[in-house]
Each structure stands twice: as C-alpha cells, then as structure tokens.
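Read off the chains here:
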Amino acid sequence: MLSRNALLYLSRREGLKDFATRFSLFKKMTTRFVAGEDIEEATAAIREINAKGATASFDHLNESVANAAETAEEVREYLNILARIEETGIKSNVSIKLTQFGLEIDPELAYRNARAIVEDAHRRGNFVRVDMEGSSVTQLTIDVFKRLRAEFGVNDVGIVLQSYLRRTYDDAQDLLKLPARIRICKGAYNEGPEVAFPDKKDVDENYVRVMKLLLESGTYHGIATHDPNMINATIRHMREQGISQDAFEFQMLYGVRRDLQEKLAQDGYNMRVYVPYGKHWYPYFMRRLAERPANIWFIMKNLFKG
Ligand SMILES: Cc1cc2nc3c(=O)[nH]c(=O)nc-3n(C[C@H](O)[C@H](O)[C@H](O)COP(=O)(O)OP(=O)(O)OC[C@H]3O[C@@H](n4cnc5c(N)ncnc54)[C@H](O)[C@@H]3O)c2cc1C
C-alpha cells in the first residue's frame with residue numbers, strides 16, 4: 001500500500017520524468033503502457049488493435065495544462081484525432097479529461113472546449129467519453145457532462161464512474177435517468193476514506209452492484225476492468241438476465257492483459273482498448289505502475305541495471 005501511495009505521489013511530480021527516462025528500463029516499460037508520443041504512432045497501434053477484432057479510444061495525454069492557450073492546443077489535437085479517425089477508417093472513439101480543457105482554471109472554459117469536441121464528434125458520427133479524474137473534480141465533471149448531454153445525444157457523449165467512490169451508486173442511478181452511457185472502472189487516484197472505500201473488497205462489491213445496474217438499464221455501457229472476477233461476474237449476470245452479448249462492451253488499457261483482450265474479442269464480446277499517447281505520458285504511466293505490485297517490484301529489481 002505504501003509503495004502504491006508513493007508512486008501515486010511521484011506521478012504528480014512531472015519534473016522527475018527527465019531523470020527517470022535516463023534509465024533504459026523505464027523507457028521500455030513506458031512503451032508497454034503508452035502507444036507513442038505522436039498521433040502517427042497511436043494510429044499504428046490502433047490499426048493493430050482493430051486487426052485483432054477490438055475497437056479503441058484515443059487519449060491524448062497532458063495533465064499539465066496551465067492556461068487557456070494551452071487548453072486550445074488540446075482542442076486542436078482532439079479535432080485532429082477525430083479527423084484522422086474518419087480519414088483512415090480506423091475503429092476508434094476519443095476519451096477526454098476535462099482538466100486538460102481547463103476545468104481547474106474555469107469550468108466554463110472546460111465546457112466550451114469539450115463542447116467543440118463533442119460537436120465535431122457528433123458531426124462525424126463519433127463518440128466522446130469524458131474520463132473521471134480525482135474526487136476534487138467529480139461533481140464539476142458530472143455538471144459539465146450533464147450540460148453536454150442536454151445538448152447532444154446519448155451516442156455522442158458519455159461519462160466515467162469509479163466504483164471506489166462511495167457516491168458512485170447514487171451517481172449511476174441519477175445519470176441513467178438521462179439516460180447516459182457510462183464506463184464503470186474501479187478508480188485510479190489516491191483518495192481518502194471519507195470519499196472512497198479503503199478496502200478492495202468493498203470497491204469490488206460496489207463495482208459488481210453498479211455493473212448490474214448498467215447491464216439492466218438497456219443503454220450501451222463500458223465495463224472497464226482487467227480483473228477476471230469482475231469480467232466473470234459481468235458474463236454471469238448477462239447470461240442470468242438473458243442480456244445480449246452486444247448490449248455492452250468490455251474495455252481495457254493499452255498494454256494490460258493483452259491475452260484477455262484477445263480472448264474476449266475472439267469469444268465475440270465487444271472489446272475496446274484505451275490508447276494513450278503524447279509527450280506528457282509520465283503521470284499516466286506512474287498510475288499504471290502503482291496499480292500492480294509486480295510492476296513496482298520489476299522496476300526496483302531492474303532500476304540499476306541501466
Ligand atoms: C478502459 C479503461 C478506462 C479507464 N478510465 C479511467 C478513468 O476515467 N478514471 C479513473 O480513475 N480510472 C480509469 N481507469 C483505471 C481504473 O480505474 C483502474 O485503475 C484500472 O483499470 C485497474 O483496475 P482493474 O479493474 O483492472 O482491477 P485491479 O483489481 O486493479 O486489477 C486486476 C488485475 O488486472 C491486472 N492489472 C490491472 N492493472 C494493471 C497494470 N497497470 N499493469 C499490469 N496488470 C494490471 C492485474 O492482473 C490485476 O491483478 C480506466 C481503466 C480502463 C480499463
């Protein structure tokens with residue numbers, strides 16, 4: 001637990017990136033979780049994913065925007081991605097983080113920026129997923145999402161909820177009334193016990209409760225996890241309730257459990273892979289390391305081999 005917290009702390013110190021990348025092992029580990037630094041590399045990765053029967057979601061990494069001009073650059077990047085998807089015919093939608101569009105500078109700015117992306121996606125028949133970030137912006141994220149959803153359709157824009165948050169079951173019930181397409185995941189940030197369940201058992205139990213609510217809602221949702229217990233619970237519930245296999249999609253992260261990604265796609269499940277790319281990969285990468293003790297151990301063991 002201490003190592004996880006330490007890595008999550010380090011994930012917020014982007015200055016360490018230059019130091020860390022001096023180690024070739026670190027670079028090698030990066031390419032496992034991040035599809036590259038530019039759109040070309042990410043497009044090539046998505047072609048490979050599509051060839052294996054899965055769809056994708058582009059994520060341009062940049063959690064360090066500091067002003068309105070930088071958020072405008074992020075909007076340009078996403079408009080470029082949406083155009084690229086249409087030109088190349090690759091099967092992908094996009095995932096956005098509202099802080100990248102200025103949520104912590106001015107929620108109105110984030111709304112306007114996100115709106116420009118959703119409008120373009122709508123015009124092109126594509127879909128925008130609003131990722132969920134730390135609990136300090138949960139309500140702001142939901143508020144902006146609801147404004148977007150009021151203007152655009154259920155198949156234009158969706159949101160993410162995290163099962164580690166105590167509020168999530170209520171949020172899911174509320175958002176389903178719109179209705180809204182929801183991605184349920186466990187949650188990747190460092191949260192205190194006042195807002196999040198400290199025990200993994202409770203996080204998992206809440207995940208299954210929310211998953212059942214989503215599957216029974218009749219709207220198309222994303223079940224995002226690499227945990228075989230969550231996947232099996234989903235398949236079991238689908239069968240018990242006579243829910244069709246194509247009524248939802250499984251989602252996993254680039255580079256994590258590729259074997260399981262391929263197996264589920266081969267078994268006929270809709271499978272979407274989240275494909276992050278960009279120069280600012282450091283915080284995302286550190287969160288992935290924090291998720292699995294074996295990743296940390298691997299780094300420790302190899303750090304000084306160069
Ligand atoms: C498509 C997608 C989108 C996401 N979007 C968000 C978001 O918007 N907001 C947010 O807070 N979080 C997001 N997450 C991250 C999520 O919250 C979890 O942190 C992450 O998925 C790990 O949880 P898990 O369900 O895989 O279960 P865990 O219990 O953490 O892991 C189960 C098993 O999966 C494997 N595994 C999991 N993570 C790794 C890893 N990094 N490296 C190697 N093996 C691993 C291991 O075998 C592990 O035992 C997203 C995850 C996915 C898959």
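Here, every reference points to the structure presented above.
Since the model is a prediction, treat every value here as computed from it, not as a measurement.

A.B. asks: I'm lost on the packing of aromatic side chains in this one. Help?
C.D. replies: Any aromatic ring pair is given by two values, namely how distant the centres are and how the planes are angled relative to each other. Enumeration over the complete set of coordinates arrives at nine aromatic pairs. Each ring, one from F248 and one from Y269, has its centre 6.5 Å from the other, and the planes form 40°; the classification is tilted. With F248 in strand β7 (residues 248-253) and Y269 in the loop between α11 (258-266) and β8 (270-277), this residue pair connects regions lying 21 residues apart in the sequence. The exposure class of F248 is buried, given its relative accessible area of 2%. Clustering of aromatic rings is evident, with ring pairs tying together F33, W281, Y282 and F285. The ring centre of Y111 lies 3.7 Å from the NZ or CZ of R147, which sits over that ring. Over the aromatic face of F127 sits the side chain of R181, whose NZ or CZ is 3.8 Å from the ring centroid.

A.B. asks: Explain the site of the ligand to me, please; I cannot follow it from the model alone.
C.D. replies: Around the ligand lies a shell of 26 residues, among which M132, G187, T225, H226 and E291 are the nearest. Between K200 and the ligand, the recorded distance is 2.8 Å, taken from a side-chain N or O atom to an oxygen atom. At 2.7 Å from an oxygen atom of the ligand is found a side-chain nitrogen or oxygen belonging to H226. Burial of the ligand by the surrounding chains reaches 88%, relative to a free accessible area of 930 Å². Within the residue set of the shell around the ligand, elements represented by two or more residues are α3 (24-33), β4 (157-162), β5 (181-185) and β7. Ranked by residues supplied to the shell around the ligand, first place goes to β7 with three residues. Of the residues contributing to the shell around the ligand, the split by class is 11 nonpolar, six polar and nine charged.

A.B. asks: Looking at this structure, I do not really get the side chain of R181. What am I missing?
C.D. replies: Position of R181 relative to the elements: it lies in strand β5. Comment: no salt bridge for buried R181; closest opposite-charge side chain is E249, at 5.1 Å. Among the polar contacts listed, one links the side chain of R181 to the backbone oxygen of Y220, at a separation of 3.5 Å. With sequence-adjacent residues up to four places away left out, R181 is seen in contact with F127, R129, V154, N155, G158, I159, T219, Y220 and H221.

A.B. asks: Looking at this model, I keep getting lost on the pairing of β7. Mind explaining?
C.D. replies: Taken residue by residue, a regular strand's side chains alternate between the two faces of the sheet. Within β7, six of the six residues are buried, leaving the element largely enclosed by the surrounding structure. On β7, burial covers both faces: F248, F250 and M252 on one face and E249, Q251 and L253 on the other are all buried. Here four bridges tie strand β6 (residues 221-224) to β7, and the two strands are oriented parallel to one another. By the bridge assignment for β7, G222 is matched with E249. In this region the chain leaves β6, passes through helix α10 (residues 228-240) and returns to the parallel neighbour β7; the handedness of that crossover is right-handed.

A.B. asks: Got a minute to help me understand the sheet that holds β6 in this structure?
C.D. replies: For sheets, the rule is that strands pair by backbone hydrogen bonds, running either parallel or antiparallel. With respect to topology, eight strands assemble into a closed barrel ordered β1-β2-β3-β4-β5-β6-β7-β8, the strand pairing being parallel. The sheet shows a mean angle of 30° between the axes of neighbouring strands, direction not considered. Examined bridge by bridge, β4 and β5 share five bridges and lie parallel to one another. In the strand pairing of β5, I159 is matched with I182. The sheet contacts of helix α7 (residues 138-151) involve β3 (128-130) and β4, and relative to β4 the element is tilted by about 155°. Against the sheet, α10 contacts β6 and β7, and its axis sits at roughly 175° relative to β7.

Calculation criteria
Residues numbered from 1 in each chain as written. Predicted model: local features only at pLDDT ≥ 70, side-chain atom pairs only at ≥ 80, totals over all residues. Heavy atoms only, no water. Phe/Tyr/Trp six-rings, centres within 6.5 Å; stacked < 30°, edge-to-face > 60°. Helix = DSSP H or I, 4+ residues; strand = E, 2+ residues; numbered from the N terminus. Buried < 20%, exposed > 50% of the residue type's maximum accessible area, 1.4 Å probe, protein only. Lys NZ or Arg CZ within 6 Å of the ring centre and 35° of its normal. Near = heavy atom within 4 Å. Polar contact = N/O pair within 3.5 Å; in protein donor to acceptor, adjacent residues only side chain to side chain. Areas by Shrake-Rupley, 256 points an atom, 1.4 Å probe, with all protein chains shown as cover. Nonpolar A, V, L, I, M, F, W, Y, C, P; charged D, E, K, R; others polar. Lys, Arg positive; Asp, Glu negative; His and termini not counted. Salt bridge = Lys/Arg side-chain N within 4 Å of Asp/Glu carboxyl O. Contact = heavy atoms within 4.5 Å. Pairing = 2+ DSSP bridges. Right-handed = clockwise from strand over helix to strand, strands pointing away. Axes fitted to C-alpha atoms, helices over the stretch in contact; angles between N-to-C directions.

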